[in-house]
Amino acid sequence: MRILLADAFPAAHLAELTELGHDCDYRPDATTDQLAERLTGCEALVVRSTRVPASALDGADALRLVIRAGSGTNTIDCEAASRLGIHVCNVPGRNAVAVAELAFALLLALDRSICDNVADLRAGRWDKKRYSRARGILGRRVGVIGLGQIGLAFAERAAAFGMEVHAVAKPGRSQETLDRASSIGVHFVDDLHTLARTCDVLSLHVPATDDTRHLIDAGLLAQVRPGTIILNTSRGDLVDEDALIEAMEDKDIRAGLDVYADEPATSTGHLESRLAKHPNVYGTHHIGASTEQAQQAVAAEVVRMVEAFASGRMLHCVNLDYVRFPQPATHFGDGS
């Protein structure tokens, strides 16, 4: 197959795709505006951060597969892809540990004021009195919102540090998820407001959908305790940023954030964000999945998915039930 790789991809796995007989057009610096031209003659597209709008897909007559080298697919116009007979796939779970590690790092940094410690030391200021004040996390209640692979990985790390892990009970969870939650010792509550009222930390691990947009809003923030820590390493759309800023001012809520509502679509640029600049926020640059371990694992799975597709099997397809082929389908799969 001819494959366009429009984001950075590990060299060893790129070489593996070529050795398997695929024609790889490696364009790690490709922009969204360039996709339509680059996709001419390509049967597959692999992206990580690059957005894939309908305008990029409409003229891609040969394209039948888009792989997001990560867990979410909100950067891809899945509705347009389905209409055009293009399968959209993700790579779930392979970067879960990396994101969970960053979320937990933000929690520890907030509790011990690590970033402010470093800033003062670099400026030559010594303030042991101020920075000796920290609550600690042993025995504190953490509410994990979303028990997918990342949420469970975060919950395991929280439990290992002696935190009491809570989550919202939800029908339809797999037995594997329930067994893993049980082994962690997760306590289930009835609803999100109960979770907010009873926990010292809330950590978000759900995808961006219409249902989760502004999940953290003024109504929910009214329920949280003063001094609560909110962690978001998922998607910026989950948080009503104005409401969070107001709550930080009124209730001394602190936040550890890796994602923002209007962050740049490119790897470098300018971010104008009141929330990111707030003194109660410790923020990173949407780097949750950006460890070498995670990228190698994701790339290995991308290679496996491409080979499966070439042989007529579909892995991790998110729109299999919605694809409308303009002509009889040539690839089939179980979406596993």
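That block above? That's the structure.
Residues numbered from 1 in each chain as written. Predicted model: local features only at pLDDT ≥ 70, side-chain atom pairs only at ≥ 80, totals over all residues. Heavy atoms only, no water.

**Topic: the pairing of strand 3 (residues 44–47)**
What you see with strand 3 is no split at all: A44 and V46 on one side and L45 and V47 on the other are buried throughout. With three bridges connecting them, strand 1 (residues 2–5) and strand 3 associate as parallel partners. The partner of L5 across the bridge, within strand 3, is V46. Summarising the sheet, strand 3 and strand 4 (residues 65–68) pair through four bridges and their orientation is parallel. Paired with A44 across the two strands is L65, which belongs to strand 4. (Buried < 20%, exposed > 50% of the residue type's maximum accessible area, 1.4 Å probe, protein only. Helix = DSSP H or I, 4+ residues; strand = E, 2+ residues; numbered from the N terminus. Pairing = 2+ DSSP bridges.)

**Side note on the packing of helix 8 (residues 149–160) against helix 9 (residues 175–184)**
At a minimum axis distance of 10 Å, the contact between helix 8 and helix 9 shows a crossing angle of 15°. Put simply, helix 8 runs roughly parallel to helix 9. Regarding helix 8 and helix 9, the two cross each other, and that crossing is left-handed. Only T177, R180, A181 and I184 of helix 9 make contact with helix 8, whose side of the interface consists of Q149, L152, A153, A155, E156 and A159. (Axes fitted to C-alpha atoms, helices over the stretch in contact; angles between N-to-C directions. Parallel < 35°, antiparallel > 145°, perpendicular 65-115°, else oblique. Left-handed = near helix turned anticlockwise from the far one by under 90°. Contact = heavy atoms within 4.5 Å.)

**A closer look at the side chain of S113**
Relative to the helices and strands, S113 is located in the loop between helix 5 (96–112) and helix 6 (114–122). Judged by its relative accessible area of 18%, S113 is buried. The contacts of S113, once residues within four sequence positions are left out, are Y131 and Y282.

**Details of the sheet that holds strand 11 (residues 254–257)**
Taken in spatial order, the seven strands make up an open sheet running 8-7-6-9-10-11-12, and their pairing is parallel. The sheet is open, and its two edges are formed by strand 8 (187–189) and strand 12 (281–283), each paired on a single side. Recorded for the sheet is a direction-independent mean angle of 20° between the axes of neighbouring strands. Summarising the sheet, strand 6 (residues 141–145) and strand 9 (residues 201–204) pair through four bridges and their orientation is parallel. Looking at strand 9, one finds that G143 is bridged to L202.

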